[in-house]
Amino acid sequence: MSSLLRAVCVYCGSSNDGPPSHREAAFKFGSQLASEGIDLVYGGGRVGLMGAVADGAISAGGRVVGIIPEHLMRAEVGHGQVSELHVVPSMHVRKEMMFARADGFAVLPGGPGTLDEMFEILTWRQLSLHDKPLVVCNLDNYWGKLLGAIDGIIESRYAKPSFREFYRVVDTIDALLPALRAAPSSRLEAQPAKF
């Protein structure tokens, strides 16, 4: 049974310095979400892949929810055209609100902030605080070394092999939404996550 996806949270980079193909892919994914009537939840910026995914959703008439901390409003330049822009007091509030507003998570290329968000969601999943799907889009093998590091952690027995069940990996943007939809339906939906 597939998951009901009303809103997808996208974790991705705010840098404009990555490959243009990554921004194009982010724009495409935003437009795909909008075309399917799925809300985009993201970090609220208008630069880098964050801006591209929002612009893609907006261009296709989608609903976009941006959540950005006060101290990043200047650095990430809050997006002025989203459906909702929430300016929150801290990163912790941002991440908790993004979690609460989403039914699943997509990880595109990004930097340390993207890693922080991804691993927090995976850790919460490992601790049975939720079972929302998370799919990593390994564009151009961008996350290959990271995925190898996770394999090393498992091989060294700091995580169980079952940790791999908490996420899926796809290589293309077109495979991302089907992978999110193919995840099992949430069994914990009625229980609020406690962080």
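No experiment lies behind these values; they were computed from the predicted model shown.

Caption draft 1: Structural context of the packing of helix H3 (residues 91–101) against helix H4 (residues 112–126). Two numbers describe how H3 lies on H4: the axes approach to 12 Å, and their chain directions differ by 60°. If you check the angle between H3 and H4, you find them oblique. At the point where H3 passes H4, the crossing takes the right-handed sense. Contact residues: H3 offers Arg94, Lys95, Met98 and Phe99, while H4 offers Asp116, Glu117, Glu120, Ile121 and Trp124. In terms of residue class, the contact of H3 with H4 is built from 4 nonpolar, no polar and 5 charged.

Caption draft 2: Structural detail: the nonpolar core. Ranked by size, the top nonpolar core spans 31 residues in total, and within it Val8, Val10, Phe29, Leu40, Leu108 and Leu176 carry the most contacts. Put simply, the parts of the chain that give this core at least two residues each are strand S1 (7–11), helix H1 (20–35), strand S2 (39–42), helix H2 (48–59), strand S6 (134–137) and helix H6 (176–182). Considering every element that reaches this core, the biggest residue donor is H2, with 6 residues. Excluding residues within four positions of it along the chain, Val8 makes contact with Phe29, Leu33, Ile38, Asp39, Leu40, Val41, Ala102, Gly104, Ala106 and Leu180. Grouped together as the second largest cluster of nonpolar side chains are 27 residues, Cys9, Leu146, Leu147 and Tyr167 included.

Caption draft 3: How the structure looks around the pattern of salt bridges. Going through the model one piece at a time under the given rule, you end up with 9 salt bridges. A salt bridge links Arg6 to Asp103, with the shortest nitrogen-to-oxygen separation between them at 2.7 Å. Residue Arg6 is located in the segment before S1, and its partner Asp103 is located in the loop between H3 and strand S5 (104–107); the two are separated by 97 residues in the primary sequence. By relative accessible area, which is 14% here, Asp103 ends up buried. Residues Asp174 and Lys28 are paired through a salt bridge, measuring 3.0 Å at the closest nitrogen-oxygen approach. A residue pair is termed long-range when its members are at least 10 positions apart, and Asp174 in the loop between strand S7 (168–170) and H6 and Lys28 in helix H1 qualify at 146 residues. Its relative accessible area of 36% is what places Lys28 among the partly exposed residues. Through salt bridges with shared partners, a single network forms among Asp39, Arg63, Glu84 and Arg101.

Caption draft 4: The arrangement of unusual backbone geometry in detail. Of note in the backbone geometry, Ser128 takes a positive phi value of approximately 60° without being a glycine. For Ser128, the position within the fold is in the loop between H4 and S6. Of note in this structure, Asp140 is not a glycine but carries a positive phi near 55°. By secondary structure assignment, the location of Asp140 is in the loop between S6 and helix H5 (144–155).

Caption draft 5: Here's a closer look at the environment of Arg157. With respect to the helices and strands, the residue Arg157 is situated in the loop between H5 and S7. Taking the C-alpha atoms as reference points, Arg157 and Asp174, 17 residues apart in sequence, are found 34 Å from one another.

Caption draft 6: The sheet that holds S5, seen in detail. Spatially, the 7 strands line up as an open sheet ordered S4-S3-S2-S1-S5-S6-S7, and their pairing is parallel. Each edge of the sheet is formed by a strand with only one pairing partner; in this case those strands are strand S4 (84–88) and S7. Sheet twist, expressed as the mean angle between neighbouring strand axes with direction ignored, is 20°. Sheet topology note: the S2/strand S3 (residues 64–69) ladder contains 3 bridges and is parallel. Each residue of the ladder has a partner; that of Leu40, found in S3, is Val64. Helix-sheet contacts for H1 involve S1, S2 and S5, and the interaxial angle to S1 is about 170°. This element, H2, spans S1, S2 and S3 of the sheet and lies at about 165° to S2.

Criteria and thresholds
Residues numbered from 1 in each chain as written. Predicted model: local features only at pLDDT ≥ 70, side-chain atom pairs only at ≥ 80, totals over all residues. Heavy atoms only, no water. Axes fitted to C-alpha atoms, helices over the stretch in contact; angles between N-to-C directions. Helix = DSSP H or I, 4+ residues; strand = E, 2+ residues; numbered from the N terminus. Parallel < 35°, antiparallel > 145°, perpendicular 65-115°, else oblique. Left-handed = near helix turned anticlockwise from the far one by under 90°. Contact = heavy atoms within 4.5 Å. Nonpolar A, V, L, I, M, F, W, Y, C, P; charged D, E, K, R; others polar. Core = buried A, V, L, I, M, F, W, Y, C linked by side-chain atoms within 4.5 Å. Buried < 20%, exposed > 50% of the residue type's maximum accessible area, 1.4 Å probe, protein only. Salt bridge = Lys/Arg side-chain N within 4 Å of Asp/Glu carboxyl O. Pairing = 2+ DSSP bridges.

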